[in-house]
Amino acid sequence: MELSGKRIVLGVTGGIAAYKAAELVRLLIKQDASVHVVMTDAASHFVTPVTFQALSGNPVFTDQWDPRIANNMAHIDLSREADALLVAPASADFLAKTAAGIADNLLTTLVLARDCPLFVAPAMNRQMWENPATQRNVATLRNDGIGVLGPAAGDQACGEVGQGRMLEPDEIVAELIAHFQPKVLAGRKVLLTAGPTFEAIDPVRGITNLSSGKMGFAIACAAQEAGAEVTLVSGPVTQQTPRGVTRVDVTSGLEMHAAVMERISGQDVFVGVAAVADYRPEAIADRKIKKEDGATPDIRLVRNPDILAEVAALPAPPLCVGFAAESHDLAAYAERKRMAKKIPLIVGNLIQHGFGGDDNTVVLFDDAGQWPLTPGPKIQLARQLIARIATLLENR
Ligand code: PMT
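Residues numbered from 1 in each chain as written. Predicted model: local features only at pLDDT ≥ 70, side-chain atom pairs only at ≥ 80, totals over all residues. Heavy atoms only, no water.

**So, the pattern of salt bridges**
Quick reminder of the rule: Salt bridges are counted wherever a side-chain nitrogen of Lys or Arg sits within 4 Å of a carboxyl oxygen of Asp or Glu. Each residue's exposure class comes from its accessible area (1.4 Å probe, protein chains only) as a fraction of the maximum for that residue type: buried when under 20%, exposed when over 50%, partly exposed otherwise. Helix numbering and strand numbering both begin at the N terminus, where a helix is a DSSP run of H or I of at least 4 residues and a strand a DSSP run of E of at least 2.
Considering all chains together, one arrives at 22 salt bridges under this definition. Close ionic contact of glutamate 262 with arginine 263 constitutes a salt bridge, the shortest N to O distance being 3.5 Å. By relative accessible area, which is 62% here, glutamate 262 ends up exposed. A relative accessible area of 28% places arginine 263 in the partly exposed class. Arginine 300 is paired through a salt bridge with glutamate 282; the nearest N and O atoms lie 3.2 Å apart. One end of the pair, arginine 300, is in the loop between β14 (279-281) and β15 (301-303); the other, glutamate 282, is in the loop between β14 and β15, and 18 residues separate them in sequence.

This is the structure:
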């Protein structure tokens with residue numbers, strides 16, 4: 001329910017991706033937004049207004065001269081109450097008109113008369129997208145402060161392959177949700193670690209753990225949504241990098257340590273979410289260890305550097321946030337880690353909740369006490385954590 005109370009005007013222009021706008025309406029409603037659809041004439045050749053009316057539960061507008069609007073000013077009435085105007089799919093023609101300020105139908109008139117943020121999700125053939133005229137228009141839209149979402153690359157309805165596919169409806173909804181997050185970290189720099197580390201034993205084997213990176217990537221995403229400049233140092237995971245986040249891939253704890261120490265200067269916040277292996281093999285065999293080589297191998301382990309403790313011990317450290325994954329006695333162990341690492345805030349989670357899943361249950365521990373967060377999806381916990389970090393930064 002991330003869009004509760006938000007009124008979204010959805011413009012649909014003519015293009016085969018118009019059928020995806022139906023799913024978009026469904027997802028927006030699922031997030032509790034109220035959705036009001038405006039279609040161009042071309043769009044109604046692909047999907048009928050009835051579909052959008054049924055899905056949104058609201059009348060659909062296609063005509064500037066619609067007699068249902070008492071004052072005949074649909075373009076003003078619709079935009080004045082909107083929290084955002086989203087056009088998906090946005091055709092090359094629509095982008096060109098919007099860049100030029102042309103108002104020749106209900107949607108383009110509404111766009112010109114709006115007093116709310118405008119987002120467009122382009123969808124067109126790859127040659128149309130690459131055409132210098134379209135690129136000029138998109139640059140103009142960006143300069144005018146309009147949010148251009150996508151397009152993505154891939155198979156196109158015309159059979160060609162390239163840039164120009166509309167973003168998927170869930171990606172568009174995620175962009176809208178991000179837009180509405182409070183910008184509590186505007187102007188701040190945040191560095192995070194995420195995922196596991198892999199400590200090689202020989203060329204094909206190693207020591208690692210079950211961290212998926214989901215929690216760290218969610219926090220990177222939430223920090224970016226909150227306006228921060230975010231760098232994410234990640235161990236080997238298969239997560240998608242959140243839009244706008246700079247990602248640095250590493251494998252071992254030593255590489256993670258080096259990547260963090262190289263980038264730590266000038267950071268306002270450091271969040272250690274990674275499950276860094278505490279130990280690594282003292283030596284890595286340069287050839288695969290064979291069973292027939294003899295007895296059970298004796299692998300000597302040495303300590304990895306403690307990245308978080310080292311960052312916290314810098315002369316002017318950023319605000320340091322740690323994580324503690326425990327199987328029992330969460331409060332006692334988390335507090336003990338917070339004290340040992342000399343950090344102001346630690347996030348405690350039970351391993352049975354934290355590793356790999358989409359949801360988590362966490363408790364924040366800081367000087368003011370314990371703060372259990374509402375259990376749920378990792379992105380929602382991440383947003384709550386970012387709010388607490390912003391408060392601590394303010395009071396620093
Ligand atoms: O990735 P997911 O599947 O979403 O799972 C998320 C998670 C369970 C891995 C995450 O929520 C979590 O709890 N991460 C920390 C795991 C842990 O208990 O780490 P630790 O006790 O070894 O370390 C405590 C803190 O010191 C952590 O912030 C860790 O990043 C940091 N640390 C630890 C060792 C080390 N050498 N360097 C470090 O920076």
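Moving on, there is more to tell.
**Remarks on the domain arrangement of the protein**
Filter applied, for reference: Here the bounds of each domain stem from an automatic or database domain assignment.
Examined at the domain level, the protein breaks down into domain 1 (7-179) and domain 2 (189-394). Put simply, the middle of domain 1 and the middle of domain 2, counted by C-alpha atoms, are 40 Å apart.

**Let's talk about the nonpolar core**
Note the threshold: For our purposes a nonpolar core is just a set of buried Ala, Val, Leu, Ile, Met, Phe, Trp, Tyr and Cys residues, chained together by side-chain atoms within 4.5 Å. Note on contacts: a residue pair qualifies if any of its non-hydrogen atoms lie within 4.5 Å across the two residues.
Judged by nonpolar contacts, the single largest core of 36 residues is most densely connected at Leu185, Leu192, Ile219, Val271 and Ile389. Considering each element in turn, this core owes the most residues, 8 residues, to helix α14 (residues 378-394). Among all residues touching isoleucine 219, those that are not within four sequence positions of it are Leu192, Val273, Phe323, Ala382, Leu385 and Ile386. Within the second largest apolar cluster, 33 residues are counted, among which are Val47, Met166, Val173 and Ile177.

**Here we look at the site of the ligand**
Put simply, the test is: What makes a residue near a molecule or strand is one non-hydrogen atom of that residue sitting within 4 Å of it. In protein, a polar contact requires one atom able to donate a hydrogen and another able to accept it; more generally it is a pair of N or O atoms within 3.5 Å, and residues adjacent in sequence count only if both atoms are side-chain atoms. Basically, the charged four are Asp, Glu, Lys and Arg, the nonpolar ten are Ala, Val, Leu, Ile, Met, Phe, Trp, Tyr, Cys and Pro, and anything else, Gly included, counts as polar.
Not every one of the 25 residues close to the ligand is listed here, only the nearest: Ser211, Gly272, Ala274, Lys337 and Gly356. Taking proline 305, its main chain carries an N or O atom lying 2.8 Å from a nitrogen atom of the ligand. Between the ligand and isoleucine 307 there is a distance of 3.1 Å, counted from a nitrogen atom to a backbone nitrogen or oxygen. Broken down by secondary-structure element, the contributors of at least two residues to the shell around the ligand are α9 (214-225), α11 (307-312), β16 (319-326) and α12 (330-341). No other element matches β16, which puts 4 residues into the shell around the ligand. Residues that form the shell around the ligand fall into these classes: 11 nonpolar, 8 polar and 6 charged.

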